[in-house]
Number of protein chains: 2
Amino acid sequence: MGVIDGRTWLELLSPQECGRLLAGERFGRLAYLLEGRPEILPVNFAFDGTAVLFRTDTGTKLEALETHPEVAFEIDAFDREHDTGWSVLIVGRAVEVPMSEAEASPAAAAVRPAALGDKQHWFRIVPERISGRRVVRGAGG
Amino acid sequence: MGVIDGRTWLELLSPQECGRLLAGERFGRLAYLLEGRPEILPVNFAFDGTAVLFRTDTGTKLEALETHPEVAFEIDAFDREHDTGWSVLIVGRAVEVPMSEAEASPAAAAVRPAALGDKQHWFRIVPERISGRRVVRGAGG
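Scope of this entry: the structure provided in the associated data block. (Residues numbered from 1 in each chain as written. Chains lettered and ligands numbered in written order. Predicted model: local features only at pLDDT ≥ 70, side-chain atom pairs only at ≥ 80, totals over all residues. Heavy atoms only, no water.)

### Some words on the side chain of asparagine 44 of chain A
- Note on placement: asparagine 44 of chain A falls in strand 4 (residues 37-47).
- Only 2.9 Å separates the side chain of asparagine 44 of chain A from the backbone oxygen of arginine 26 of chain A, close enough to count as a polar contact. (Helix = DSSP H or I, 4+ residues; strand = E, 2+ residues; numbered from the N terminus. Polar contact = N/O pair within 3.5 Å; in protein donor to acceptor, adjacent residues only side chain to side chain.)

### Section: helix 2 (residues 60-67) of chain A
All names here are of chain A.
- Residues of helix 2 that are buried: Lys61, Leu62, Ala64 and Leu65. Axial view of helix 2: buried residues confined to an arc of 160°, hence all on one face. Facing away from the buried surface of helix 2 by more than 90 degrees, the exposed residues are Thr60, Glu63, Glu66 and Thr67.
- If you follow the buried residues of helix 2, they end up packed against strand 3 (27-34), strand 4, strand 5 (52-56), strand 6 (70-79), strand 7 (84-97) and strand 8 (121-135). (Buried < 20%, exposed > 50% of the residue type's maximum accessible area, 1.4 Å probe, protein only. Arc of directions from axis to C-beta. Contact = heavy atoms within 4.5 Å.)

### Quick look at the pattern of salt bridges
- Applying the stated criterion to the full structure yields 24 salt bridges over all chains.
- The closest approach of N and O atoms between arginine 124 of chain B and aspartate 48 of chain B, which form a salt bridge, is 3.2 Å. Residue arginine 124 of chain B is found in strand 8 (residues 121-135), and its partner aspartate 48 of chain B is found in the loop between strand 4 (37-47) and strand 5 (52-56); the two are separated by 76 residues along the sequence.
- Since its relative accessible area comes to 23%, arginine 124 of chain B is described here as partly exposed.
- Judged by its relative accessible area of 31%, aspartate 48 of chain B falls in the partly exposed class.
- As a salt-bridge pair, arginine 55 of chain B and glutamate 103 of chain B come within 3.8 Å of each other at their nearest N and O atoms. Of the two residues, arginine 55 of chain B is situated in strand 5 and glutamate 103 of chain B in helix 3 (residues 99-103); the sequence distance between them amounts to 48 residues.
- Ionic contacts of the salt-bridge type, sharing partners, join the residues Arg29, Glu74 and Asp76 of chain A together with Arg29, Glu74 and Asp76 of chain B into one network. (Salt bridge = Lys/Arg side-chain N within 4 Å of Asp/Glu carboxyl O.)

### As for the packing of aromatic side chains
Residue and element names in this part refer to chain A.
- Following the criterion strictly, the structure yields six aromatic pairs over all chains and no others.
- The interplanar angle of 70° and the centroid separation of 4.8 Å between the aromatic rings of phenylalanine 45 and phenylalanine 73 together place this pair among those described as edge-to-face. Residue phenylalanine 45 is located in strand 4, and its partner phenylalanine 73 is located in strand 6; the two are separated by 28 residues in the primary sequence.
- Measuring from ring centre to ring centre gives 5.7 Å for phenylalanine 54 and phenylalanine 123, while their planes differ by 15°; the resulting arrangement is stacked. Linking phenylalanine 54 in strand 5 with phenylalanine 123 in strand 8, this pair joins segments that are 69 residues apart in sequence.
- Among the residues examined, phenylalanine 54 registers a relative accessible area of 0% and is labelled buried. (Phe/Tyr/Trp six-rings, centres within 6.5 Å; stacked < 30°, edge-to-face > 60°.)

### A few points about helix 1 (residues 15-24) of chain A
- Every buried residue of helix 1 of chain A is listed here: Glu17, Cys18, Gly19, Leu21 and Leu22 of chain A.
- For helix 1 of chain A, the elements touching its buried residues are strand 2 (10-13), strand 4, strand 6, strand 7 and strand 8 of chain A.

### Some details on the pairing of strand 3 (residues 27-34) of chain B
Residue and element names in this part refer to chain B.
- Burial analysis of strand 3 places seven of its eight residues in the buried class, the great majority of the element.
- Inspection of the sheet shows strand 3 paired to strand 4 by eight bridges, in the antiparallel sense. Bridge pairing in strand 4 places arginine 29 opposite proline 42.
- Between strand 3 and strand 4, which pair antiparallel in sequence order, lie two residues; one of them, glutamate 35, sits at a positive phi of approximately 50°.
- Here strand 3 pairs with strand 6 (residues 70-79) via three bridges, running antiparallel. In the sheet register, arginine 29 faces strand 6, and the bridge partner there is glutamate 74. (Pairing = 2+ DSSP bridges.)

Right, here's the structure in full:
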């Protein structure tokens, strides 16, 4: 168990735990700026131990990332019955990588976009900051 | 079944379907701007048929919303076994509402923040735009 914040009873997850959770998920949410306002879209992704790898089609999301590469990426899981759960947040820059380079990564095989389409543009998000938290309601009473 | 986008095989959900999905969920993700960059945090929420209602504590999220009320709010559910799922995105402004007004809403009773703490500030997001999509891989072959 990591550090528990005494004010909110959130357990702050270690970088190692965040990496383990990232490696175990396939769907995350990307927040990016479109005309100065945030948007959120779910993406199919893989975590190669260092960075988040996802792909996208030509379109507004691609244009937005080229203009404003600063993004946030989040994964979570919540149990609504027990009000417990966890989330991991990455803040970083989405940088396009050549398809040949992206597909040379073993992690790329796990990226099968749920939405069909060509999805010819690969991006990596190299984390500048990773944070994770787990709701430990049981610990708080 | 709604309109299917022939390029991506995404079914575009009607506003009524988006409203039904919003009414059935309790956890969503809020994207907001912090120092000009997007962040994502999970929030416990309720949808009263018109707007998303959530609450927060004093802190960086509150300060960020006061400075930049333009937010995005997202809910989703994905089945990783079958690569199917859906998501709903709201783009709007987060406006603080007095606690007495917020708690007069029947929907407010459903907002029990998973993280403990005082959470004395209530916000409403009145949607300027709602969009939803469902991945219909089966339809795409």
